[in-house]
Every structure is written in C-alpha cells, then in structure tokens.
Amino acid sequence: MLSLAKPVAETVARHLVATGQLIDEDPAEALAHALAARRLASRIAAVREAVGLAAYHAGEWQTAIAELRTYHRMSGLQSHLAVLADCERALGRPERAIDLFRGADREKLDQAVATELLIVAAGARGDLGQKDAAVAMLQVPELTSETAEPWTARLRYAYADALLAVGRRDEAREWFSRAADVDTEGETDAAERLLELDGVVIEGDEEDEESAEAIASGPGAPGAVPARPDADLAGDTEPTADADADADEDEDDDEGDEDDEQDEHYEDDEQDEAAVAAVPSDDLTDDELTDDEASTVAAGTPGDDSGAATGGGEPTASGGSDTAQR
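Conventions we followed
Residues numbered from 1 in each chain as written. Predicted model: local features only at pLDDT ≥ 70, side-chain atom pairs only at ≥ 80, totals over all residues. Heavy atoms only, no water. Helix = DSSP H or I, 4+ residues; strand = E, 2+ residues; numbered from the N terminus. Buried < 20%, exposed > 50% of the residue type's maximum accessible area, 1.4 Å probe, protein only. Areas by Shrake-Rupley, 256 points an atom, 1.4 Å probe, with all protein chains shown as cover. Core = buried A, V, L, I, M, F, W, Y, C linked by side-chain atoms within 4.5 Å. Contact = heavy atoms within 4.5 Å. Axes fitted to C-alpha atoms, helices over the stretch in contact; angles between N-to-C directions. Parallel < 35°, antiparallel > 145°, perpendicular 65-115°, else oblique. Left-handed = near helix turned anticlockwise from the far one by under 90°. Phe/Tyr/Trp six-rings, centres within 6.5 Å; stacked < 30°, edge-to-face > 60°. Lys NZ or Arg CZ within 6 Å of the ring centre and 35° of its normal. Salt bridge = Lys/Arg side-chain N within 4 Å of Asp/Glu carboxyl O. pLDDT = per-residue confidence, 0-100. Patch = residues over 30% accessible without salt bridge, like charges linked within 9 Å, V, L, I, M, F, W, Y side chains within 5 Å. Lys, Arg positive; Asp, Glu negative; His and termini not counted. Charge placed at Lys NZ, Arg CZ, Asp CG, Glu CD.

1. Structural notes on the overall build of the protein
The number of helices and strands found in the protein is 16 helices and 0 strands. Burial status across the protein gives 51% buried among its 326 residues. For the protein, the computed accessible surface area is about 15,000 Å², with 46% contributed by carbon and sulfur atoms.

As structure tokens, then:
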C-alpha cells in the first residue's frame, strides 16, 4: 500500500486487519470493513481479495465472484478458483463449477488449491446426480499418500462421502476412518460419521454434526472451502501498472455491474438452466468422464496396498459429493 497516502494507508490497514479478525465470527461485519477499505483503495489487489473472501463467508456469492475475479486479474494469480467454483454451486450452477475445474491449469496451481478445486468439482458432479463420476474424480494418487497434508483429511472425507452416496457403505467407513486419522484440526466430522455408520448416536450433537457436514461437503456454507488470503491482509501491497488500469475500469462497475465479470465466458441463465435440464439424471460411468477427468482417474487409483477397503479404488461401471463449502 506504498502508493497510498500514509493516513489513508493506515486506515485501510486497520479495516483489513478487522476483516481478518472478524471473518469467521461475524462475516457480515468483516464484509463491511472490507468494503470500507475498497472505497479508499480499490486499486489494491489485497483489498479486492479481502472483499471477495469476506463476501464468500457472508454468503454474498455474486460479490465474491466479482471481487475474486478482479483480484485474479490484478495479481496474476489463480489462488481462489475453488472458492469461485463453490460460489457457482451455491448459486445453483454446478456446471459452471465443473467448467472452472476443466479450464484450470492444474500444473500451475498450488497443490492445496488444486485439491480443493477437485473436491468442489466432484461435489458439483454429485449436485447433477452424477454420483459415480464424483467417486471416480476423487480417485487420485494424493488420496493414498502416506504424507498427511493440510488438505488430506478433506479429500479423504469427500471420497468417503461420495462412496456412501453410491451405497458403498463398507468402503465409505474405511475412508471416514482414514480421514479421522489425519484430521488433527477437526476440519471434518469424520469421527462422528464413523460412529453414525456403526449405529452410535450421541445425544445433543445434532447441530454440531450438521454444521461439520456442511463444512466438509455443502456448497457455499461458511468454511466450505478454506478461504485464506495469499498474503497478510495488512501487508504492503503495491499495485502494478496493469492493476491500475484494471482497477480504473472496475471502479465504474463496482456498484451496478458486478455480475458481468463472471458471465463473460458463459451464456445467459436460461441457457444454463437448459443445459442442466439436458444433463441425464443417470450416473456417469468412466467412459462418460471428460478427457481431463478420465486422465485424473488413470493417474492413480487407491488400491489395496494403501490399506483401503477391498474395491475402494475402482468405481462401479454402472452405479448411480464433496467439498468443500471449507
């Protein structure tokens, strides 16, 4: 924020710090602080990122999409594709979430971003009733990695949930167990789902279970996708010349035309609805996956040597998910 006058920079920094502190506890207030920062410094990429993430946590999906797309243009990064895809799911447009997954250059993405995007895309397949396709998409080498990463529990949980959705209960139990083993931060309710599958009900935990399940698999719920800023919200950020040009255009559109940013590569909503209606309700087999998704499955299927339940690595050929929402 070196390009700002010192008093303005200090005010913007305070708003950004408040956004970061409130985003989990009071998303609406966090969004208000982020918008206040945007009014003072709309040309700063970190400010647009803060608005987008706060809007996502507050359930303002259109605003989140517009602001995060702007942030991606200004920064040259693609670090919040999973959040964008989850917003599309929350708006009832799972086919757009799948398009974001297909169009992403996953080799250039951070592994955490790529994994969360995969989870959201599998969830979108489930939204469309393509439950076997969701299972197949999640059968990636990272699923059986012996090294636990921050996203490993969420990936395993999503896979277990997808297996349960197609009636593969024993395999689902195995993967819920494996998710619980690495979920040291309590990001999922894998342990509770295990007890549920075993017929154990803990009284008084219904609301907690619903909340945790939403975090692991539901679109758009606060925390569905771990939405963290790329840098310290109050850190120094100096806009580039290209960012200035983008921001000048964005300032004119902020109030009335935020929808246009996410629609530039899509047809109108009626066509989208027609596309959804045209999708067969029968579940996809492996042959019906896109080339990208089929190659993802071929790259690595969880096998018996990893400790998975027998058959857990092969999708059914004729049968019939999920993130993140964080």
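What follows picks up the thread again.
2. A look at the nonpolar core
With 57 residues, the main nonpolar core has Leu117, Leu138 and Leu155 as its most contacted residues. Counting residues per element, this core draws most heavily on helix H7 (residues 111-127), which supplies 9 residues. Those residues in contact with Leu155 that lie beyond four places of it in its chain are Thr115, Leu118, Ile119, Leu138, Val140, Glu142 and Leu143. Ranked by size, the runner-up nonpolar core spans 12 residues in total, among them Leu4, Leu16, Ala46 and Ala50.

3. Looking at helix H6 (residues 94-103)
Of all the 10 residues making up H6, 7 are buried; the element is thus mostly covered by neighbouring parts of the structure. Every buried residue of H6 is accounted for by Pro94, Glu95, Arg96, Ala97, Ile98, Leu100 and Phe101.

4. As for the packing of helix H3 (residues 45-57) against helix H4 (residues 61-75)
Two elements in contact, H3 and H4, have axes separated by 8 Å at closest approach and are oriented at 155°. What the angle tells us is that H3 and H4 run roughly antiparallel. When the axes of H3 and H4 are compared, the crossing they make is left-handed. Residue-level contacts link Ala45, Arg48, Glu49, Val51, Gly52, Leu53, Ala55 and Tyr56 of H3 to Trp61, Thr63, Ala64, Glu67, Leu68, Thr70, Tyr71 and Met74 of H4.

5. What to know about the environment of Ala122
Mapping Ala122 onto the fold places it in helix H7. Separated by 15 residues in the primary sequence, Ala122 and Met137 have C-alpha atoms spaced 6.2 Å apart.

6. Here we look at the packing of aromatic side chains
In this structure the tally under the stated criterion is 3 aromatic pairs. Each ring, one from Tyr157 and one from Phe176, has its centre 5.2 Å from the other, and the planes form 70°; the classification is edge-to-face. Taken together, the residues Tyr157 in helix H9 (residues 152-165) and Phe176 in helix H10 (residues 169-182) connect sequence positions 19 residues apart. Judged by its relative accessible area of 0%, Phe176 falls in the buried class. The ring of Trp175 carries Arg178 above its face, with NZ or CZ at 4.3 Å from the centroid.

7. What to know about the pattern of salt bridges
Under the counting rule described, the total for this entry stands at 11 salt bridges. A salt bridge links Arg93 to Glu88; the nearest nitrogen and oxygen atoms lie 2.8 Å apart. The class for Arg93 is buried, based on a relative accessible area of 9%. A salt bridge links Arg173 to Asp198, with the nearest nitrogen and oxygen atoms 2.9 Å apart. Linking Arg173 in helix H10 with Asp198 in the loop between helix H11 (190-197) and helix H12 (206-217), this pair joins segments that are 25 residues apart in sequence. Exposure remark for Asp198: the relative accessible area of 42% places this residue in the partly exposed category. Sharing partners across several salt bridges, the network here consists of Arg38, Arg48 and Glu67.

8. So, the confidence of the model for the protein
For the protein, the mean per-residue pLDDT works out to 75, and 63% of the residues sit at or above 70. Confidence drops under pLDDT 50 across residues 294-301; counting only partners more than four residues distant or on other chains, this segment forms 16 contacts. Across residues 303-326, where pLDDT falls below 50, the model places 104 contacts with residues more than four positions away in sequence or in other chains.

9. Section: a negative patch on the surface
On the surface, a cluster of negative charge is made up of Asp24, Glu25, Asp26 and Glu29. Turning to its location among the elements, Glu29 is positioned in helix H2 (residues 27-40). Judged by relative accessible area, which is 36%, Glu29 ranks as partly exposed.

10. Some points on the environment of Lys108
Relative to the helices and strands, Lys108 is located in the loop between H6 and H7. Under the relative-accessibility criterion, Lys108 is labelled exposed at 72%. Linking Lys108 and Leu77, residues 31 residues apart in sequence, is a C-alpha distance of 9.9 Å.

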